[in-house]
Amino acid sequence: MSVPIPEALRGIKALTFDVFGTVVNWRLTVHRELVKRAREKIASPTFSSLPEPSRARLQSMTDDDWATFVQEWRTSYYEFTRGFVPGESEWKDIDTHHYDALHGLLQKWGIAGVFTDDEARSLSLVWHRLEPWDDSAAGIQKLGTRFVTSTLSNGNRSLLKDLNDYGGLGFRRIVSTADFGAYKPHPSTYLGAADTLGVRPEEVAMVAAHLGDLAAARSNGLRTIYVERPQEEAWGGGEERYKEAREWVDLWVAEREGGFLEVAKRLGISE
């Protein structure tokens, strides 16, 4: 028995996707890469030439420490994009932010100088090689048979293209907020994406694992599709705003319901 398409989504022509956390599992990939690079450094012939305090600190880093490091790296991204003011702030793309923030965190954790500048720059580009969630590629490709599927992420265009290629995601269009000289949740990013895709805001559904992103999209006329992902939601389930979102989100897919494949099913795309 088919599920009726939500009324608010019956006129949509395009789907714009948040990427970090919604499409790709940044936490797993970045943590794995940091642990790998640390172990390689400790085993390298040059390790003994590093200052003793740096060697000791790197060797003392646990998997939990690296998980905290990853979260702090991600939090720095959130703070950077939220603090950016179009027309006032000096432009910096996400690749540059990731590199700068990595240096700051290495200093904070007492392991500055452990990696060469080339190694740090290479490590900062791990965000170009993030593993997709299991349903991401298949779901996006299925949705792309009926709708224009596009990224709408704060990641710079080269980063998004690499993620699309690396994960075999199959997005039909690549749109970066950098195209509009702003970062989400600035209104110009949502409205700019709709204009770029040649549709009206109400003909676009924003797909995200973050209710704050969807709230901003909704305030600019876009429809909303929420796909729960592990550890991604900043709003607590007991908060009033979370409870209210249950009423205004146009389509809500819970964590173990199949992700984007379930979105396709509920939008009337057959198996």
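Look a little higher up for the structure.
These lines cover the structure that appears in this document, whether it is placed above or below. Bear in mind the structure is a predicted one, so any value in this text is a computation, not a measurement.

## Some words on the layout of surface pockets
Part 1 of the argument: Here the largest pocket is characterised by a volume of approximately 480 Å³.
Part 2 of the argument: If you go around the largest pocket, you meet 23 residues; those closest to its centre are Arg-74, Tyr-78, Arg-82, His-210 and Ala-234.
Part 3 of the argument: Per-element tally for the lining of the largest pocket: the top contributor is helix H3 (residues 63–83), with five residues.
Part 4 of the argument: Across the lining of the largest pocket, the residue classes break down as nine nonpolar, five polar and nine charged.

## Quick look at the side chain of Asn-156
Part 1 of the argument: On the secondary structure map, Asn-156 appears in the loop between strand S2 (148–151) and helix H7 (157–167).
Part 2 of the argument: Given a relative accessible area of 6%, Asn-156 falls into the buried group.
Part 3 of the argument: Those residues within four positions of Asn-156 in sequence are excluded, and the remaining contacts are Asp-93, Ile-94, Asp-95 and Ser-176.

## Quick word on the pairing of strand S4 (residues 223–227)
Part 1 of the argument: Burial analysis of S4 places four of its five residues in the buried class, which makes it a mostly covered element.
Part 2 of the argument: Taken together, strand S3 (residues 204–208), helix H9 (residues 211–219) and S4 constitute a β-α-β crossover, and its handedness is right-handed.
Part 3 of the argument: Here S4 runs beside strand S5 (residues 251–253); their pairing, made up of three bridges, is parallel. Following the sheet pairing, Tyr-226 is matched in S5 by Trp-252.
Part 4 of the argument: On the question of chirality, the crossover connecting S4 to the parallel S5 by way of helix H10 (residues 240–248) is right-handed.

## As for the packing of helix H6 (residues 136–143) against helix H11 (residues 259–266)
Part 1 of the argument: The contact between H6 and H11 brings their axes to 7 Å, and the two run at 25°. Classified by the interaxial angle, the pair formed by H6 and H11 is roughly parallel. Two packed elements cross with a definite hand, and for H6 against H11 that hand is left-handed. Counted together, Ser-136, Ala-138, Gly-139, Ile-140, Lys-142 and Leu-143 of H6 and Phe-260, Leu-261, Val-263 and Ala-264 of H11 form the full contact between these two elements.
Part 2 of the argument: Grouping the constituent residues of the contact of H6 with H11 by class yields seven nonpolar, two polar and one charged.

Definitions and limits used
Residues numbered from 1 in each chain as written. Predicted model: local features only at pLDDT ≥ 70, side-chain atom pairs only at ≥ 80, totals over all residues. Heavy atoms only, no water. 1 Å grid on protein atoms, 1.4 Å probe; cavity = no way out; pocket = protein on both sides within 12 Å on 5 of 7 lines; lining within 4 Å. Points joined across faces, edges and corners; volume = space filled by probe spheres on them. Helix = DSSP H or I, 4+ residues; strand = E, 2+ residues; numbered from the N terminus. Nonpolar A, V, L, I, M, F, W, Y, C, P; charged D, E, K, R; others polar. Buried < 20%, exposed > 50% of the residue type's maximum accessible area, 1.4 Å probe, protein only. Contact = heavy atoms within 4.5 Å. Right-handed = clockwise from strand over helix to strand, strands pointing away. Pairing = 2+ DSSP bridges. Axes fitted to C-alpha atoms, helices over the stretch in contact; angles between N-to-C directions. Parallel < 35°, antiparallel > 145°, perpendicular 65-115°, else oblique. Left-handed = near helix turned anticlockwise from the far one by under 90°.

Function cannot be inferred from these measures alone, as they are strictly geometric.
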